Amino acid sequence: MKKHNFSAGPSILPQEVFEKSAQAVLNFNNLGLSILEISHRSKDFVAVMEEARSLALELLGLENKGYQALFLSGGASMEFVRVPYNLLKENGKAAYLDTGTWAAGAIKEAKRFGNTEIIGSSKEANYTYIPKDFTVPTDADYFHCTSNNTIFGTQMHSFPETGVPMVCDMSSDIFSRELDFSKFGLIYAGAQKNMGPAGTTLVVVKEDILDKTGRAIPGIMDYGQHIAKESMYNTPPVFPVYTSLLTLQWIKNNGGVAAVEKKNNAKAELLYNEIDRNTLFTGTANKEDRSKMNVTFLLKDEKYTEQFDKLWKSADISGLNGHRSVGGYRASIYNAMPIESVKVLVDVMQELERNA
């Protein structure tokens, strides 16, 4: 019996993705070889990479719009460095929105490359809300934001109109909702939330924003080089790319991003309604900024902690503890999380209230 996995990442994936990827480890494409041992230059894996790159653009509605999709290594943390390397001009300026731990990490790296202006921040409130009253400087080389904050349970539900390229870290909500993705010049997302196992990062970049910095960029850090080498500048993370492809196929076969978003909305509504109704719990994020991926909440009275922990663990729930920065609990309800698992959690919360 599989547990109800609410882990923030690495996280739940569709059951069929687990099964197909497990089979590929034993025998990929009936080659008599494992996906772990085939050459990344073999026609079988080249086909995987080509389909994964193409399908990523298709699901985001960015086909034939001047974008390239890449599957790179180093996690989103590597993109904290690659983004300013490729977009921040010598003596230029970057604008950043500070909405959480990972946004702060991106800002820290950008500052190594030049003038980095924080144009909005919710740090003073422990990142419980998304700043709204900010202006993106028209002389910035780019604007960077983080769409969803896994630790603090907040999410951007709208994005500003900017006259400069908009860069977004979508690591924890990529492919979870429909947006006009053509508003973004560059999107990056670590795989291990909504797409695959840890080990690869999807980068979607509009080609016409590149090659404008005047910097000498090392090859491995240069998006242009990765595009020219068709995402095989160096040996790619073969298994994470393959598993990500399986997840993208699963999304497409189940109605695409629009259908996934509908299910995500239902899961989030179910859980937030219970948090707001239940006399023993309270949410941590401002209601208008609540994340539909990472639901953070607390017990109003910590005397119930031991009882609640025992209840959810006995219900085969896993990964519910909150991050140490927030405390309490965090239910990550990514694309692959079935609503039945959310109902199990809600039942446990109601049982605690009845027995209190």
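Here the structure is a predicted model, which is why all the values come from computation and not from measurement. (Residues numbered from 1 in each chain as written. Predicted model: local features only at pLDDT ≥ 70, side-chain atom pairs only at ≥ 80, totals over all residues. Heavy atoms only, no water.)

A separate point is the domain arrangement of the protein. The domains assigned to the protein are domain 1 (15-253) and domain 2 (255-355). For domain 1 versus domain 2, the distance between C-alpha centres works out to 27 Å. Contact with domain 1, which involves 28 residues of that partner, is made by 26 residues of domain 2. Together domain 1 and domain 2 conceal approximately 2,200 Å² of surface at their shared face, both sides included; 51% is due to carbon and sulfur atoms. Summed over the three residues of domain 1 that lose the most area to domain 2, namely Ile151, Gly153 and Glu178, the buried surface amounts to 22% of that side. Between Lys132 and Glu288 there is a salt bridge, with the nearest N and O atoms lying 3.3 Å from each other. Where domain 1 touches domain 2, the interface holds 20 residue pairs in polar contact (both at pLDDT 80 or more). Those elements giving two or more residues to the side of domain 1 that touches domain 2 turn out to be strand S6 (148-149), strand S7 (154-155) and helix H6 (238-253). (Domains from an automatic or database assignment. Contact = heavy atoms within 4.5 Å. Buried area = accessible area lost by both parts, 1.4 Å probe. Salt bridge = Lys/Arg side-chain N within 4 Å of Asp/Glu carboxyl O. Polar contact = N/O pair within 3.5 Å; in protein donor to acceptor, adjacent residues only side chain to side chain. Helix = DSSP H or I, 4+ residues; strand = E, 2+ residues; numbered from the N terminus.)

With six of its six residues buried, strand S3 (residues 93-98) lies for the most part within the structure. With burial as the criterion, each face of S3 is covered, one bearing Lys93, Ala95 and Leu97 and the other bearing Ala94, Tyr96 and Asp98. Bridge analysis of S3 against strand S4 (residues 115-121) gives six bridges, and the strand direction is parallel. If you follow Asp98 over to S4, its bridge partner there is Ser121. (Buried < 20%, exposed > 50% of the residue type's maximum accessible area, 1.4 Å probe, protein only. Pairing = 2+ DSSP bridges.)

This next bit is on the layout of surface pockets. By volume, the largest pocket amounts to about 320 Å³. Around the largest pocket sit 19 residues that line it, and Ala76, Trp102, Ser171, Gln192 and Lys193 are the ones nearest its centre. The leading source of residues in the lining of the largest pocket is helix H3 (residues 75-87), at four residues. Taken together, the residues that form the lining of the largest pocket break down as five nonpolar, eleven polar and three charged. (1 Å grid on protein atoms, 1.4 Å probe; cavity = no way out; pocket = protein on both sides within 12 Å on 5 of 7 lines; lining within 4 Å. Points joined across faces, edges and corners; volume = space filled by probe spheres on them. Nonpolar A, V, L, I, M, F, W, Y, C, P; charged D, E, K, R; others polar.)

Checked against the element boundaries, Ser291 lands in the loop between strand S11 (281-283) and strand S12 (294-299). A distance of 2.6 Å separates a polar atom in the side chain of Ser291 from a polar atom in the side chain of Asn148.

You can see Ser11 is positioned in the loop between strand S1 (4-5) and helix H1 (15-26). The exposure class of Ser11 is buried, given its relative accessible area of 10%. On a C-alpha basis, the gap between Ser11 and Pro197 in space is 7.9 Å, while along the polypeptide they are 186 residues apart.

The next subject is the packing of helix H7 (residues 256-277) against helix H9 (residues 339-355). Direction vectors running N to C along H7 and H9 enclose 5°, while the axes themselves pass 9 Å from each other. Compared by their axis directions, H7 and H9 come out roughly parallel. Every residue of H9 that contacts H7 at Ala266, Lys267, Leu270, Leu271, Glu274, Ile275 and Arg277 is listed here: Ile339, Val342, Lys343, Leu345, Val346, Met349, Gln350 and Glu353. Residues belonging to the contact of H7 with H9 are distributed by class as follows: nine nonpolar, one polar and five charged. (Axes fitted to C-alpha atoms, helices over the stretch in contact; angles between N-to-C directions. Parallel < 35°, antiparallel > 145°, perpendicular 65-115°, else oblique.)

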